[in-house]
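Reading the structure
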Amino acid sequence: MNTHDHDDNALPGEDELKALYRSLPSHEPSRALDETVKHAARAAAPPRRHVPRWPVAAASAAVLVVAVGLGWRMQQQPTPAARSAPAQAITLAPSTSTSTSSVATNAAPAMDELVVAQTHAPVTTPESPKPRESLRAALKPRVQEPALAAKSTAPAEVAEAPVAQEVAAVPQAAPVPAPAPMQPAPAADVSNYAGARSAMTMKTMAGPAARMTAPTDATAIDPRDTPTQELDKIRQLLVQQRRDEALQRLAAFRQAHPDIAVPDDLRQQLPDHE
Amino acid sequence: MDASVDDDATLMLAYAQGDAAAFDALYARHRGTLYRFLLRSARDTRLAEELFQETWSRVVAARARYTPQAKFSTWLLQIAHNLLIDSYRRHRPIATGEEAEQILERVAMPDHEQPEHVLSEFERRRRLQRAIESLPDEQRTAVLLRLENDLSVEEIAEVTGVGRETAKSRLRYAMNRLREQLAE
């Protein structure tokens, strides 16, 4: 963990102090404390999930079927030019095919007329066996792509995503408007910064109309804010003499980001506990 | 980030995925330095144990949102430092100089050392401990982060939430005071 640069190493007398410090007794946590911590960690660890492979295979097969079906349907759909032709096609062969089902069942005897009808109106002969086979052959390489894509994306879809990450992802995906001014909320609500952020997100997602009318407040909670931006907003609240709100936000911040040290100027604002 | 830092992050991420053994490995790496930092800062064994446990609890609780943006050790010490600051507010003053000294002196000396040598070493250690004890909180934290945890000035600034110059100034003052008291 020695990451000192030359400037750091220039501190006078440091080597001697370090050597003496290292001769101090090396206190260690007790075994009982070790066990307490490890036990808590084990209890909190999510069970390791072995994702079964069959859902991936099933999803791939389903995607394959859907892709083939769609491709087949699209192949069968008339082109814009052909859409205007059905009536013409029917009139071209009225005596040989009275319905599509009769064409399908009596395909061989009426093939000559059917070919004529196909060239004008492919939609009238969806049951024709020969085009289906050629279509299948034509679609084969095409349907492999979605199947492969499904394989590559399926594990990510089934993988367990932490709740906190989901919550954090929502505000980035959703467009956030100019936020509404902060109302002095009950302490229980505001003390949970993450809760406040997600509540804000819900509001913005649910109320596009409110978005239009909400006045801008430079100090309002914005889920997209970085921790530094949030701290700056807390400073602004203090400057604006909105101390209670600032302290609530600061407390919520420390709760939501225990790993981020609150700067001295803000930490000094925190009231003594108890 | 060096290799061990990457290892720490990898272990933490593995733990977040449910690998309890990864946590055990991570814990084994940092338990000693974290505990000593807290003990020498708090000067109270019971409080140090409480803060030690709470620090790890926060690590456990933060596993899902952990992203390896900073060194794991720095992040860990930040949490511990936040907790220390809070405890300073709650319990100031923590212990008198004599009480703290008694706590830190409850240590078995190595058997192989000669009596004269043990005595002089004991005296030097005692002086250092007393000198560290007498430092203001911020300076003591800075010097412990340096001597115990071997952090750079930038890392000390990061852990304590101050600017680099402030951290360096605190460290320099602390070092000077320690050297002065050792020289007396």
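Residues numbered from 1 in each chain as written. Chains lettered and ligands numbered in written order. Predicted model: local features only at pLDDT ≥ 70, side-chain atom pairs only at ≥ 80, totals over all residues. Heavy atoms only, no water.

1. Structural notes on the overall build of chain A
- For chain A, the count of helices and strands is 16 helices and zero strands.
- Out of the 274 residues belonging to chain A, those deemed buried represent 32%.
- Put simply, 65% of the contacts in chain A that link residues at least 6 apart link residues at least 24 apart.
- Only carbon and sulfur atoms are counted for the fraction: they give 60% of the accessible area of chain A, which is about 17000 Å². (Helix = DSSP H or I, 4+ residues; strand = E, 2+ residues; numbered from the N terminus. Buried < 20%, exposed > 50% of the residue type's maximum accessible area, 1.4 Å probe, protein only. Contact = heavy atoms within 4.5 Å. Areas by Shrake-Rupley, 256 points an atom, 1.4 Å probe, with all protein chains shown as cover.)

2. Concerning the packing of helix 2 (residues 14-22) of chain A against helix 7 (residues 137-147) of chain B
- Taken N-terminus to C-terminus, the directions of helix 2 of chain A and helix 7 of chain B make an angle of 80°; their axes are 10 Å apart at the nearest point. Viewed along their axes, helix 2 of chain A and helix 7 of chain B adopt a mutual orientation that is roughly perpendicular. Every residue of helix 7 of chain B that contacts helix 2 of chain A at Glu14, Leu17, Lys18, Tyr21 and Arg22 of chain A is listed here: Leu144, Arg146 and Leu147 of chain B.
- The residue inventory of the contact of helix 2 of chain A with helix 7 of chain B, partitioned by class, reads four nonpolar, no polar and four charged. (Axes fitted to C-alpha atoms, helices over the stretch in contact; angles between N-to-C directions. Parallel < 35°, antiparallel > 145°, perpendicular 65-115°, else oblique. Nonpolar A, V, L, I, M, F, W, Y, C, P; charged D, E, K, R; others polar.)

3. With respect to the nonpolar core
- In this structure, Leu38, Phe52, Trp56, Phe72 and Leu178 of chain B are the most contacted members of the largest nonpolar core, which totals 62 residues.
- The contact partners of Phe52 of chain B, leaving out residues within four places of it in the chain, are Pro29, Leu33 and Val37 of chain A together with Tyr27, Arg31, Leu34, Tyr35 and Leu38 of chain B.
- Grouped together as the second largest cluster of nonpolar side chains are nine residues, Leu231, Ile234, Leu266 and Leu270 of chain A included. (Core = buried A, V, L, I, M, F, W, Y, C linked by side-chain atoms within 4.5 Å.)

4. Looking at the packing of aromatic side chains
Residue and element names in this part refer to chain B.
- The final tally for this structure, using the stated rule, is ten aromatic pairs over all chains.
- With centroids separated by 5.7 Å and ring planes inclined at 85°, the aromatic side chains of Tyr35 and Phe52 adopt a geometry described as edge-to-face. A residue pair is termed long-range when its members are at least 10 positions apart, and Tyr35 in helix 2 (residues 20-42) and Phe52 in helix 3 (residues 45-61) qualify at 17 residues.
- Three or more aromatic residues joined by ring pairs form one cluster here, namely Tyr15, Phe23, Tyr27, Tyr35, Phe52 and Trp56. (Phe/Tyr/Trp six-rings, centres within 6.5 Å; stacked < 30°, edge-to-face > 60°.)

5. A few points about the pattern of salt bridges
- Evaluation of the coordinates by the stated rule reveals 26 salt bridges over all chains.
- In this structure, the salt-bridge partner of Asp150 of chain B is Lys18 of chain A, at a minimum N-O distance of 2.9 Å. Highlighted residues: Asp150 of chain B in the loop between helix 7 and helix 8 (153-160) and Lys18 of chain A in helix 2, drawn from two different chains.
- Measuring nitrogen to oxygen at the nearest pair gives 3.4 Å for the salt bridge that ties Glu165 of chain B to Arg164 of chain B.
- On the basis of relative accessibility, which here comes to 57%, the residue Glu165 of chain B falls in the exposed class. (Salt bridge = Lys/Arg side-chain N within 4 Å of Asp/Glu carboxyl O.)

6. Describing the packing of helix 2 of chain B against helix 7 of chain B
Residues and elements named next belong to chain B.
- Axis separation between helix 2 and helix 7 bottoms out at 10 Å; the angle between their running directions is 155°. The angle between helix 2 and helix 7 places the two elements in the roughly antiparallel class. When you trace helix 2 past helix 7, the crossing you get is right-handed. Residue-level inspection shows Phe37, Arg40 and Ser41 of helix 2 in contact with helix 7, the latter providing Arg140, Thr141, Leu144 and Leu145.
- Here the contact of helix 2 with helix 7 is composed, by residue class, of three nonpolar, two polar and two charged. (Left-handed = near helix turned anticlockwise from the far one by under 90°.)

7. A closer look at helix 14 (residues 227-239) of chain A
Residues and elements named next belong to chain A.
- A rise of 1.5 Å per residue sets the reference length of helix 14, with its 13 residues, at 18 Å; its end C-alpha atoms lie 18 Å apart and thus fit the reference within 8%.
- Within helix 14, the full set of buried residues consists of Glu230, Leu231, Lys233, Ile234 and Leu237. Each buried residue of helix 14 lies within a common arc of 155° when the element is viewed along its axis, so the set occupies one face. Pointing more than 90 degrees away from the buried face of helix 14 are the exposed residues Thr228 and Val239.
- Of the residues flanking the end of helix 14, it is Gln241, one or two places downstream, whose phi is positive at about 65°. (Expected span 1.5 Å × (residues − 1). Arc of directions from axis to C-beta.)

8. As for unusual backbone geometry
Residue and element names in this part refer to chain B.
- Unusually for a residue other than glycine, Arg43 sits at a positive phi of about 60°.
- Relative to the helices and strands, Arg43 is located in the loop between helix 2 and helix 3.
- Owing to a relative accessible area of 11%, Arg43 belongs among the buried residues under this scheme.
- A positive phi is found at Asp150, a non-glycine position, where the angle reads about 60°.

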